Amino acid sequence: MASKTPSLPIAGPLPSFVVGEIYRRWPDLNDPFGGGRQGGISDSAQAPVTFLFTGDSGEQYGYADRFDDEGTFFFSGEGQEGDMQFVRGNKAVRDHSARGKALHLFRTIGKGKGQKYLGEFVYQGHDWVRALDKKKALRDAIIFRLVPVTRLEQLELAAAEDSAEELTLQESRNRAIAASKVDGAKDSTKGSRTVYDRSRAVRDYVLLRAAGKCELCKEPAPFHRSGGSPYLEPHHTTRVSDGGPDHPQFVAALCPACHREVHYGEHAHTKNLALIERLRSLEPVGPH
């Protein structure tokens, strides 16, 4: 079956925010990065980002966004009347990884007081609950489960074990692309392990694709892991941070020096754009 790999124009620097800082929806967020000025989900057409805004408004309908003890955030889907559906903003949240979009979560701290940044998150799955709509009628509502990217960074950057399975490049690519196409209804019965499995499938593929050479400088990996595999680090071209599942077109395998440079170097943005173009050539449209 043929399908398109996602592709996003990235004209400027990637969105970057400081946890705990206060931002104004306009002009700090929507002006430079796009997206709608209202609603709890603001998906940008001009930058690889989807903004999420949480507050207390949902409590009047019998539910409230919240964190659990492990840091997973439960975020209410959009739609004020009738059953919620996977369209517009809800679809943008569910499919953000396959589209190369980062989810940035903010808490509204009061009218005219701005938005407090809570961090970057990854869609893990969702649950359906019965809740009241705006007219106080019972309806099916979506509750997203979102995992903080910081929880996934250690897995991608420091996991030292070699892949347990011997797969061909094409088999590994098929697995990675399938993993990036999240089936939330299926995942909702499996618990938090699924988000780590998806992340590892993409990571394992890009390391295999690189064949021991940095995908930016094209030099061999500087050393080998204890198990014998070349040491390269996954880099997400559409995110300031790293960690979390993505489509293989948005993840590269880099040597540690290039990885730091593409994040913090003087020409980081230019090098990241060059890497994006290279990945587009490595992951062309075609059958999966």
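> Can you help me understand the packing of helix 7 (residues 256-264) against helix 8 (residues 268-282) in this one?
Geometrically, a packed helix pair is captured by the angle between its two axes and the distance between the axes. One way to put it is that helix 7 packs onto helix 8 with a least axis distance of 6 Å and a crossing angle of 115°. Within the contact between the two elements, helix 7 uses Glu261, Val262, His263 and Tyr264 and helix 8 uses Ala268, Lys271 and Asn272. Classifying every residue of the contact of helix 7 with helix 8 by side-chain character gives 3 nonpolar, 2 polar and 2 charged.

> Got a minute to help me understand unusual backbone geometry in this structure?
Negative phi characterises most residues that are not glycine, and trans characterises most peptide bonds. Cis geometry marks the peptide bond from Trp26 to Pro27, where omega comes out at 20°. The topology assignment puts Pro27 in helix 1 (residues 25-33). For Lys136, which is not glycine, the phi torsion reads 65° and is therefore positive. Position of Lys136 among the secondary structure elements: in the loop between strand 8 (115-132) and strand 9 (138-148). For Lys218, which is not a glycine, the phi torsion comes out positive at approximately 65°. With respect to the element layout, Lys218 can be found in the loop between helix 6 (193-210) and strand 10 (233-236).

> Which parts of the structure should I look at to understand the packing of aromatic side chains?
The relative placement of two aromatic rings is captured by the distance of their centres and the angle of their planes. One pass over the structure, following the stated rule, counts 18 aromatic pairs. Summarising the aromatic geometry, the rings of Phe17 and Tyr23 are spaced 5.2 Å apart at their centres and angled 80° between planes, so their arrangement reads as edge-to-face. Like Tyr23, Phe17 is buried. With 4.7 Å between their ring centres and 15° between their planes, Phe223 and Tyr231 make a pair best called stacked. Under the relative-accessibility criterion, Phe223 is labelled partly exposed at 43%. Taken together, the ring pairs in this structure connect Phe17, Tyr23, Phe33, Phe51, Phe53, Phe106 and Tyr117 into an aromatic cluster. The side chain of Arg37 reaches across the aromatic face of Trp26, ending 3.6 Å from its centre. Positioned above the aromatic ring of Phe74, the side-chain terminus of Arg66 is 4.3 Å from the ring centre.

> I tried to follow the side chain of Glu120 on my own but got confused; where do I start?
With respect to the helices and strands, the residue Glu120 is situated in strand 8. Using a relative accessible area of 10% as the deciding quantity, one classes Glu120 as buried. Side chain to side chain, Glu120 and Arg239 meet in a polar contact 3.3 Å long. Among all residues touching Glu120, those that are not within four sequence positions of it are Ala102, Leu103, His104, Val147, Pro148, Val149, Arg239 and Ser241.

About the cut-offs
Numbers given to residues run from 1 along each chain, matching the order in which its sequence is written. The predicted nature of this model means local features are confined to residues of pLDDT at least 70 and side-chain atom pairs, given and counted, to a pLDDT of 80 or more, with totals for whole chains, interfaces and linings taken over all residues. Excluding hydrogens and water, the side-chain figures rest on all heavy atoms present in the structure. In this analysis an axis means a line fitted to C-alpha atoms, helices contributing only their contacting stretch, and an angle means the value between N-to-C directions, from 0 to 180 degrees. Each helix corresponds to a stretch of at least 4 residues labelled H or I by DSSP, and each strand to a stretch of at least 2 residues labelled E; elements are numbered beginning at the N terminus. When checking whether two residues touch, look at their non-hydrogen atoms; a contact exists if any pair is within 4.5 Å. For this classification, the nonpolar set comprises Ala, Val, Leu, Ile, Met, Phe, Trp, Tyr, Cys and Pro, the charged set comprises Asp, Glu, Lys and Arg, and every other residue, Gly included, is treated as polar. Geometry of aromatic contacts follows a simple scheme: Phe, Tyr and Trp rings, the Trp one being its six-membered ring, pair when their centres are within 6.5 Å, and the pair is stacked under 30 degrees between planes, edge-to-face over 60, tilted otherwise. Under the scheme applied here, a residue whose accessible area is under 20% of the maximum for its type counts as buried, over 50% as exposed, and between as partly exposed, the area being computed with a 1.4 Å probe on protein chains only. In this analysis the charged atom, NZ for Lys or CZ for Arg, is taken to sit over a ring once it is within 6 Å of the ring centre and within 35 degrees of the ring normal. In the analysis that follows, any N or O atom pair within 3.5 Å is treated as a polar contact, provided that within protein one partner can donate a hydrogen and the other can accept it, and provided that, for residues neighboring in sequence, both atoms belong to side chains.

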